[in-house]
Amino acid sequence: MPIRPLIIAAPFLALAACSAQQQVAPPTPLDEAAIRERSAPVAQAFQVALQSQLVAAMSEGGPMQAVEVCHEAAPRIAAEQSAASGAEVRRVSDRNRNPDGGLTPDLAPHYAELAAQPLVDGAPATRIWQSGEGEGARINYLSAIPMRDQPCAACHGSDIDPQLKARIDALYPQDAATGFAAGELRGALLVSWPAEG
Ligand code: HEC
């Protein structure tokens, strides 16, 4: 529970600021419900858009066709959702396929918490936190993407068809996104907003 201490600390910080007669505004605690309310639909829109393309391509031409669709569609949908929402929308992982999808030091501890428990009451676990300061400050929402057998194992599991694996390696020479078991954390979706004020 990394958020709670922040909220508890806030009134004390406010008191400290008042008694010192400072003009500096106390840090406002994060309104998690509001952040969740505006981030969850963005995450959902990304997942629905990508999932529908993946499922369509799998049934049309199997994983050999679907891998091309994922390669093209995932970064494009992320860019579209980013432009539409004003947030930075992208997928990350500690064992990533897309070379831009690695963890930054800021993401790593929050990702580790999701990895420890990818699902909470059957729903993907999420984390909310603020990073950076001043103009670079961001409000971050990270939502777990758990591994599943169907259809994920074809491309992220332990027993990948050699022809498919060769194609994946050609597209992603640094690919680390194989060998996942159902229920493990496959990755996470980041929705990162510029912090206002
Ligand atoms: C047909 C092959 C294929 C299937 C099936 C598939 N993926 Fe992927 N996955 C990919 C490719 C290709 C990428 C890299 C996309 C890119 O270039 O951004 C990827 C990337 C990802 C990423 C982003 C992090 C990273 O490693 O780059 C996550 C998370 C992910 N997949 C989860 C899943 C889950 C969960 C499922 C099952 C619902 C699934 N994938 C099914 C091919 C597949």
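Residues numbered from 1 in each chain as written. Predicted model: local features only at pLDDT ≥ 70, side-chain atom pairs only at ≥ 80, totals over all residues. Heavy atoms only, no water.

### Some points on the confidence of the model for the chain
So, step 1. Model confidence for the chain is summarised by a mean pLDDT of 90, while 86% of its residues fall at 70 or above.
So, step 2. Note on residues 5-21: pLDDT under 50 across the span, and seven contacts to partners over four residues away in sequence or across chains. (pLDDT = per-residue confidence, 0-100. Contact = heavy atoms within 4.5 Å.)

### Some remarks on the coordination of the iron atom of the ligand
So, step 1. A lone protein donor binds the iron atom of the ligand: His-156 (NE2), at 2.1 Å.
So, step 2. Position of His-156 relative to the elements: it lies in helix 4 (residues 153-156). (Donors = N, O, S within 2.8 Å, 3.2 Å for Na, K, Ca; no water. Helix = DSSP H or I, 4+ residues; strand = E, 2+ residues; numbered from the N terminus.)

### Regarding helix 2 (residues 32-85)
Because each turn of an α-helix spans 3.6 residues, side chains separated by three or four positions end up pointing in the same direction.
So, step 1. End to end, helix 2 covers just 18 Å across 54 residues, shorter than the expected 80 Å (1.5 Å per residue, more than 12% under).
So, step 2. At Gly-62, helix 2 shows its largest bend, some 135°, and a proline, Pro-63, comes one to four positions later.
So, step 3. A positive backbone phi angle near 90° is found at Gly-86, which sits one or two residues after helix 2. (Expected span 1.5 Å × (residues − 1). Bend = angle between axes of the 7 residues up to and from the residue.)

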